[in-house]
Amino acid sequence: MLGRPKLVLASGSPRRLALLNQAGIEPDALRPADVDETPKRGELPRACANRLARAKAEAALQSIQLDDDLRGSYLLAADTVVAVGRRILPKAELIDEASQCLRLLSGRNHRVYTAVCLVTPKEAFRQRLVETRVRFKRLSEEDISGYVGSGEWRGKAGGYAVQGIAGSFVVKLVGSYTNVVGLPLYETISLLGGEGFPIRHGWLNAG
Ligand SMILES: Cc1cn([C@H]2C[C@H](O)[C@@H](COP(=O)(O)OP(=O)(O)OP(=O)(O)O)O2)c(=O)[nH]c1=O
């Protein structure tokens, strides 16, 4: 192959792009995939995250196959699911959904799963599932209404964004922090590097 391989990020999430950038990677194109993210009846959180990351990757792959500039690129998709036990919390869009999520998360442990799906230039699918355990402090009704007023929860799995005000609700976090924000950086970079995408750390980036 001539030149540097390209990378397409199949995501409309500004957090995922910012996380990749933080690791020194600039995708060549963004191709958000429009898939139905409703969990299936009785679907477990890990299975749901894996299925949706794969579905996003497949949808974006179809679109880049039609694009002369991007065909044969590496393609990265991800899906984040927040769960209390087997129960998958919604991606909150309404105030009521966000308040219900926060009541459920108050004073409890929950898990955040992000599935990352990489499609290689030869169209092999490689997937990783990363789990982070998070414990929130007990939230008063005042905490909840104050937080809901911030709007930071909108469009976020589980009705909160750990990178904002809700960071102050976290009593304990075990595992990858970037996984909670939407893209586990260590695992994503390992996946890319393991499949031959050039990863350059530190001063090498200057070149
Ligand atoms: C738990 C949590 C989730 N999130 C975000 C990450 C994801 O953007 C979102 C979960 O929804 P996703 O469906 O994983 O992603 P998305 O719809 O935002 O973007 P796309 O499918 O195009 O890639 O919640 C945070 O930003 N902070 C958090 O603390």
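The shown structure was predicted, so the numbers you read here are calculated from the model rather than taken from an experiment. (Residues numbered from 1 in each chain as written. Predicted model: local features only at pLDDT ≥ 70, side-chain atom pairs only at ≥ 80, totals over all residues. Heavy atoms only, no water.)

## Considerations on the overall build of the chain
Looking only at helices and strands, the chain features six helices and seven strands. Along the chain, helices and strands appear, N-terminal first, in the series β-α-β-α-β-β-α-β-β-α-β-α-α. Over its C-alpha trace the chain gives a radius of gyration of 18 Å, about what one expects of a compact globule, namely 17 Å for 207 residues. Along the first, second and third principal axes, the C-alpha atoms of the chain reach 60 × 40 × 25 Å. Of all 207 residues assigned to the chain, the portion counted as buried reaches 44%. In the chain, once contacts between residues fewer than 6 apart in sequence are set aside, the share between residues at least 24 apart is 67%. Positive and negative charge centroids in the chain, built from 29 and 22 side chains respectively, lie 7 Å apart. (Helix = DSSP H or I, 4+ residues; strand = E, 2+ residues; numbered from the N terminus. Rg over C-alpha atoms; globule rule 2.2 N^0.38 Å. Buried < 20%, exposed > 50% of the residue type's maximum accessible area, 1.4 Å probe, protein only. Contact = heavy atoms within 4.5 Å. Lys, Arg positive; Asp, Glu negative; His and termini not counted. Charge placed at Lys NZ, Arg CZ, Asp CG, Glu CD.)

## So, the UniProt feature "site: Important for substrate specificity" (unreviewed entry) in the chain
The UniProt entry lists R15, T80 and Q163 under the feature "site: Important for substrate specificity" (unreviewed entry), expressed in the numbering used here. Residues that both appear in the annotated list above and line the largest pocket are R15, T80 and Q163. Mapped onto the elements, R15 comes out in helix α1 (residues 14–22). Tracing the sequence through the fold places Q163 in the loop between α4 (141–150) and β7 (170–174). Those residues in contact with Q163 that sit more than four places away from it in its chain are R15, K156, Y177 and V181. (UniProt positions renumbered as here; feature names shortened; annotations may be inferred. 1 Å grid on protein atoms, 1.4 Å probe; cavity = no way out; pocket = protein on both sides within 12 Å on 5 of 7 lines; lining within 4 Å.)

## A look at the packing of aromatic side chains
Each aromatic ring pair is characterised by the separation of its centres together with the angle its planes make. Taken as a whole and judged by the stated rule, the model has four aromatic pairs. Between F136 and Y160, the aromatic rings sit 4.7 Å apart at their centres with planes inclined by 65 degrees, giving edge-to-face as the arrangement. With F136 in strand β6 (residues 125–136) and Y160 in the loop between α4 and β7, this pair connects stretches of sequence that are 24 residues apart. Side by side, F136 and Y160 carry an identical accessibility label, which is buried. When the centroid spacing of 5.3 Å and the interplanar angle of 70 degrees are considered together, the rings of Y147 and F169 count as edge-to-face. Taken together, the positions of Y147 in helix α4 and F169 in the loop between α4 and β7 put the pair 22 residues apart, joining distant regions of the chain. Through a chain of ring-to-ring contacts, three or more aromatic side chains come together here, namely F136, Y147, Y160 and F169. (Phe/Tyr/Trp six-rings, centres within 6.5 Å; stacked < 30°, edge-to-face > 60°.)

## A word on the pairing of β6
Within a regular strand, side chains alternate between the sheet's two faces. Both strand β5 (residues 109–119) and β6 contribute to a ladder of 11 bridges, which runs antiparallel. In the sheet register, N109 faces β6, and the bridge partner there is R135. The pairing of β6 with β7 spans four bridges and is classified as antiparallel. In the strand pairing of β7, R133 is matched with V174. (Pairing = 2+ DSSP bridges.)

## Examining the pattern of salt bridges
Under the counting rule described, the total for this entry stands at 13 salt bridges. Across the pair R4 and D28 runs a salt bridge whose closest N-O atoms are separated by 2.8 Å. Linking R4 in the segment before β1 (7–9) with D28 in the loop between α1 and β2 (29–30), this pair joins segments that are 24 residues apart in sequence. With a closest N to O distance of 2.9 Å, R103 and E141 form a salt bridge. With a gap of 38 residues between them, R103 in helix α3 (residues 95–105) and E141 in helix α4 connect regions that are remote in the sequence. (Salt bridge = Lys/Arg side-chain N within 4 Å of Asp/Glu carboxyl O.)

## As for the site of the ligand
Around the ligand, the surrounding shell holds 20 residues, and the nearest of these are S11, R16, E37, K56 and K91. Note that an oxygen atom of the ligand is positioned 2.6 Å from one of the side-chain N or O atoms of S11. Measuring from an oxygen atom of the ligand, one finds a side-chain N or O atom of E37 at 2.6 Å. Judged by the proximity of its atoms to the pocket grid, the ligand belongs to the largest pocket. Looking at the shell around the ligand, the elements that each hand over two or more residues are α1, β3 (74–84) and α5 (177–181). Tallying contributions element by element places β3 first for the shell around the ligand, with three residues. (Near = heavy atom within 4 Å. Polar contact = N/O pair within 3.5 Å; in protein donor to acceptor, adjacent residues only side chain to side chain. Sits in = over half its atoms within 2 Å of the grid points.)

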